[in-house]
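Analysis of the macromolecular model
Take a look at the letters that make up each chain.
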Amino acid sequence: MKKQRTFVFKCSACGHEEPKWLGRCPECGDWNTLIETAVSRLPGPGPGTKGNRPPQSIPLSAVDPQEGGRIGSGIPELDRVLGGGIMKRSAILVGGEPGIGKSTLLLQAAAAADTRGRILYISGEESMGQVRMRADRLGLFANGGGDPPVKRNSPPGNTSRIELCCTGKLEDIETILEAVKPVIVMVDSAQTLHTAEVGVVPGTINQMKYGAYELISWVKEHDAALFLVAHVTKEGIISGPKTLEHMVDTVLYFEQNDGDCRFLRAAKNRFGSVDELGIFTMGERGLSVVEDPSLLFLINREGELPPGVATAAVLEGSRTLLVEIQALTVPAKGSMSRVFSDRIDSARVSRVAATLEKHLKLRLSDQDLYINVAGGIRIAEVGVELALGCALYSARTGLSLPGRVAIAGELSLAGEVRPVRRLGGRIKTSRSLGFETFLGPAADAQDRPNEKPPPVSETGKIIAVGDLKSAIGALFS
Ligand code: TYD
Ligand code: MG
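Just so we're clear, the structure is a prediction, and the values are computed from it rather than from any experiment.

Looking now at the packing of helix H7 (residues 346–360) against helix H8 (residues 385–397). Taken N-terminus to C-terminus, the directions of H7 and H8 make an angle of 65 degrees; their axes are 10 Å apart at the nearest point. Pair H7 / H8 crosses with right-handed handedness. Residues Arg 348, Val 349, Arg 351, Val 352, Ala 353 and Leu 356 of H7 pack against Glu 385, Leu 388, Gly 389, Leu 392 and Tyr 393 of H8. The residue makeup of the contact of H7 with H8, split by class, is seven nonpolar, one polar and three charged.

Written out as structure tokens, the structure reads:
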């Protein structure tokens, strides 16, 4: 079919097109960004319409559900965070500090993904040789020796469907996309995308946004999926990747704790929850999945616990994790007490401390409070509050908690212990990890009719408490 050449005014910031010049882009609001651009279009109606028929709607029931199908990435932890696999026609941003393992994760997913289609890996940062060396190190080629680093169900020899190109030039990428017609496109990284259409300076935010917009449009039209890597530095220079967040469907951030654990979280997910956490370790052969993370955040101790330490049974997405909460209180150095806590929100720590002070007459407002979570995981779940209260009480009084007690519960400002989600699951996981006693709210069948009451067991003890005072009484009597 012959292509027609027409001119439109295209926004260099967001890619929006207007038939005539405007001083300000109506889409993104930037000034002086509309540039006259030649476009080649097939004659006839625009995309999405067939033949000469006018655009029309179809009944929802007639839509093929497979149209929005998912592709398994072959990496269970990545699938979990994505909400069950890679959604076709979606764009996924993978952010994280340099060196955290973004390129490694994508290359492993490229080899393990459950699809027969081609996968295009575009590297604007590394040479072909460097990418190949990483693939060899990861043992992705059967003849390269070694076991695959991640379990995969897809047929062997699937590295042959990975196509590699090393460029950031958008025009080149578009040509290759048309030739390869991949089902998954991986761009490493968004910061290397550039095109002459957005001016001569590469690496600007506009270059990145424009490139990302074009690639997102391509995958949506071609039933493919896009991974876009974006570097985020420690100093928080995230203005670049941040501007991409609203353009993509899913935003994943990769973080590291003090050890070699890497956590993958969704900050935005149009096709799943943002609660799920993927836990990996980086080893000689790339990233591997942590099989049983429940024990990762506990410290194995002999004998009595030191004061200030309590174990919380918290939810991370669909999983229960047992984490050690550590508290330390020292007389405040200034006239004001301060909270030092990067793993649990400081406002939550202050609120729990105030509740303790009010309802147990325990003076904390003249103390500096230090809170840590073993294993360096960030806890945002409300069920951590009771354990946090117990750890603070123990730290301030110097009394240790009894061993092998797992704690869960939300604290109200009135000092009550409120019910938490999935109490039964928390009790079960605590038991399975050897915590004989579970301290928490009473199962509230009225509030949560869908929740089964916790299983009664002869071996373990469940202490149901209604308020903070009775919880402290039960632990420190
Ligand atoms: P990389 O994936 O290049 O990080 P990013 O793309 O986020 O910048 O790799 C991160 C680090 O991991 C790098 O310092 C080397 C290390 N690494 C391993 O320890 N084992 C491996 O098998 C690989 C491939 C990398
Ligand atoms: Mg990289």
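From this point on, the discussion continues.
Note: most peptide bonds trans; most residues except glycine with negative phi. The step from Asp 188 to Ser 189 runs through a cis peptide bond, and the omega angle for that step is 10 degrees. Of note, Ser 189 is situated in the loop between strand E9 (184–188) and helix H5 (205–221). The phi dihedral of Arg 404 is positive, around 55 degrees, even though this residue is not glycine. Take Arg 404: its relative accessible area is 39%, and that puts it in the partly exposed class.

Around ligand 1, 16 residues are found, and the nearest of them are Gly 99, Ser 103, Thr 104, Gly 283 and Gly 286. Between Gly 99 and ligand 1, the recorded distance is 2.7 Å, taken from a backbone N or O atom to an oxygen atom. Here a nitrogen atom of ligand 1 sits 3.2 Å away from a polar atom, N or O, in the side chain of Arg 137. Compared with its free state, where it exposes 560 Å², ligand 1 has 76% of that area covered by protein. Of all the secondary-structure elements, those providing two or more residues to the shell around ligand 1 are helix H2 (102–112), helix H3 (128–137) and strand E13 (277–283).

Moving on, we get to the packing of aromatic side chains. Applying the stated criterion to the full structure yields four aromatic pairs. Aromatic pair Phe 263 and Phe 297: ring centres 6.1 Å apart, planes at 40 degrees, arrangement tilted. Taken together, the residues Phe 263 in strand E12 (residues 261–269) and Phe 297 in the loop between strand E14 (286–289) and strand E15 (309–316) connect sequence positions 34 residues apart. For the pair formed by Phe 263 and Phe 297, the shared burial category is buried. Judged by centre distance (4.9 Å) and plane angle (45 degrees), the rings of Tyr 393 and Phe 476 are tilted. You can see Tyr 393 sitting in helix H8 and its partner Phe 476 sitting in helix H10 (residues 468–476), a full 83 residues away along the chain.

Scoring rules and cut-offs
- Residues numbered from 1 in each chain as written.
- Chains lettered and ligands numbered in written order.
- Predicted model: local features only at pLDDT ≥ 70, side-chain atom pairs only at ≥ 80, totals over all residues.
- Heavy atoms only, no water.
- Axes fitted to C-alpha atoms, helices over the stretch in contact; angles between N-to-C directions.
- Helix = DSSP H or I, 4+ residues; strand = E, 2+ residues; numbered from the N terminus.
- Left-handed = near helix turned anticlockwise from the far one by under 90°.
- Contact = heavy atoms within 4.5 Å.
- Nonpolar A, V, L, I, M, F, W, Y, C, P; charged D, E, K, R; others polar.
- Buried < 20%, exposed > 50% of the residue type's maximum accessible area, 1.4 Å probe, protein only.
- Near = heavy atom within 4 Å.
- Polar contact = N/O pair within 3.5 Å; in protein donor to acceptor, adjacent residues only side chain to side chain.
- Areas by Shrake-Rupley, 256 points an atom, 1.4 Å probe, with all protein chains shown as cover.
- Phe/Tyr/Trp six-rings, centres within 6.5 Å; stacked < 30°, edge-to-face > 60°.

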